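# Residue-level structure breakdown
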Amino acid sequence: MKLTSVGFIFIVEPVRIFVLSKSRFIKGDYCLTLWIIATLCAFFIKGLCGFANTLVFTSILGFGVANVNISPVELLLGYPTNLILTWNNRKKLDKKVYIPLALLVLGGSIPGAILLKSVDVKYLKVFFGIVVILIAVEIFFREYQCTNAKDSNIILCIIGVLSGILCGLFGIGALLAAYVGRVTTTTDEFKANISAVFIVENTVRIFTYYLLGVFTLDSLKQAATLIPFMIIGLFAGMESSKVLDERIVKKIVIVLLVISGLFLVGMNL
């Protein structure tokens, strides 16, 4: 169990090293082996923790594939996984959590139009990245230092609004995950509610991508090819979450939140 949990946390870096050392074998943007590795790793994490698949998928493929080719494929693969996780954990859904967040995600484009005109997007993402890291640290101390401080409804409301805007604006679920992790108590509750919000966000993004012509025949073929590996990774992660101790999974979630925050900051400085 210990070896497995360590492997989860450091799953991206070894793949990066492997890809760099074998870069001479990468031919074009559609190296099937690279896509398969990224899919298995990303959706294993998705099944285990309920999020961070986009972070892992993009981090691995970023070495040999253009981002314009990554996003539509990841979206097509991720959509059914959110449906599966929501259905599988449907008894843990909380309307007070997922409905307000879903509405905020839908409304993210409204303040986004104003922010994009008046604020440098890079600095905005850096700010959100720092917030994610701070929330992850706070969750860690709350979970493992036995603090019982009462939640501030005002602070939770602010975090909820910011998380909805960030996800609606950029499709980034790190702050959303931090918020849901803050207001849920078990991994199943976390997966159920965050997946329900992602369904709304994914639906809107699929419609938008379709209107903008982002989906191509190549991206559809690539997604179809990777579906079996997505299913293998997802269910392997879901089964692992049943075996692993709840505290270990929470630690992995916290680590992934910190990595997500650092990724946001590092990529925009």
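Details of the structure are given in the entry above.
I will try to describe carefully the structure that is included in this document. Keep in mind the model is a prediction, meaning the values are calculated, not measured. (Residues numbered from 1 in each chain as written. Predicted model: local features only at pLDDT ≥ 70, side-chain atom pairs only at ≥ 80, totals over all residues. Heavy atoms only, no water.)

Looking only at helices and strands, the protein has 13 helices and 0 strands in total. Seen in sequence order, the protein has helices and strands lined up from the N terminus as α-α-α-α-α-α-α-α-α-α-α-α-α. The buried share of the protein, taken over its 269 residues, is 46%. Long-range contacts, defined here as pairs at least 24 residues apart, represent 81% of the contacts in the protein between residues at least 6 apart. (Helix = DSSP H or I, 4+ residues; strand = E, 2+ residues; numbered from the N terminus. Buried < 20%, exposed > 50% of the residue type's maximum accessible area, 1.4 Å probe, protein only. Contact = heavy atoms within 4.5 Å.)

Among the structural elements, Asn88 can be located in helix 5 (residues 67-88). According to the relative accessible area criterion, Asn88 is partly exposed, its value standing at 44%. Between the alpha carbons of Asn88 and Ala192 there is a distance of 7.8 Å; along the sequence they are 104 residues apart.

The terminal C-alpha atoms of helix 3 (residues 32-49) lie 26 Å apart, and with 18 residues this matches the ideal 26 Å at 1.5 Å per residue to within 8%. The element helix 3 is largely enclosed, with a buried count of 14 among its 18 residues. A positive backbone phi angle near 95 degrees is found at Gly50, which sits one or two residues after helix 3. (Expected span 1.5 Å × (residues − 1).)

The description of two aromatic rings rests on the distance between their centres and on the angle between their planes. One pass over the structure, following the stated rule, counts 4 aromatic pairs. Taking the centre distance of 5.8 Å and the plane angle of 70 degrees together, the rings of Phe51 and Phe190 count as edge-to-face. On the criterion of sequence distance, the pair formed by Phe51 in the loop between helix 3 and helix 4 (53-61) and Phe190 in helix 11 (residues 187-212) is long-range, its members being 139 residues apart. Take Phe190: its relative accessible area is 5%, and that puts it in the buried class. Ring pairing ties together the aromatic residues Trp35, Phe43 and Phe57, which thus form one cluster. (Phe/Tyr/Trp six-rings, centres within 6.5 Å; stacked < 30°, edge-to-face > 60°.)

Together, Ile99, Leu103, Leu106 and Val204 make up an exposed nonpolar region whose accessible area comes to about 340 Å². Among the elements that make up the nonpolar patch, the one with the highest residue count is helix 6 (residues 95-106) (3 residues). Tracing the backbone shows Ile99 in helix 6. Assessed through its relative accessible area of 37%, Ile99 is described here as partly exposed. (Patch = residues over 30% accessible without salt bridge, like charges linked within 9 Å, V, L, I, M, F, W, Y side chains within 5 Å. Areas by Shrake-Rupley, 256 points an atom, 1.4 Å probe, with all protein chains shown as cover. Salt bridge = Lys/Arg side-chain N within 4 Å of Asp/Glu carboxyl O.)

In this structure, Leu104 sits in helix 6. For Leu104, a relative accessible area of 28% gives the class partly exposed. Distance from Leu104 to Val161, taken between C-alpha atoms, is 6.4 Å for residues 57 residues apart in sequence.

It is worth spelling out the environment of Ile194 at this point. Note on placement: Ile194 falls in helix 11. Overall, the relative accessible area of 0% leaves Ile194 in the buried class. Sequence separation of Ile194 and Phe51 is 143 residues, and the distance between their C-alpha atoms is 7.9 Å.

Note that side chains of opposite charge can pair when their charged atoms are close. The full count for this structure, using the stated rule, is 2 salt bridges. Salt-bridge contacts for Glu201 lead to Arg205; the nearest nitrogen and oxygen are separated by 2.6 Å. Taken together, the residues span about one helical turn, with Glu201 and Arg205 both in helix 11 at a distance of 4 residues. Taken individually, Glu201 and Arg205 each receive the classification buried, so the pair is uniform in this respect.

Pairs of packed helices are described in terms of their axes, by the angle between the two and the distance that separates them. Relative to each other, helix 10 (residues 174-183) and helix 11 sit at 140 degrees, their axes nearing to 9 Å. When the axes of helix 10 and helix 11 are compared, the crossing they make is right-handed. When helix 10 is examined against helix 11, the residues Leu176, Ala177, Val180 and Gly181 are found in contact with a partner set consisting of Phe190, Asn193, Ile194, Val197 and Phe198. A per-class count over the contact of helix 10 with helix 11 returns 7 nonpolar, 2 polar and no charged. (Axes fitted to C-alpha atoms, helices over the stretch in contact; angles between N-to-C directions. Left-handed = near helix turned anticlockwise from the far one by under 90°. Nonpolar A, V, L, I, M, F, W, Y, C, P; charged D, E, K, R; others polar.)

In short, the description is geometric, and any link to function would need to be established separately.
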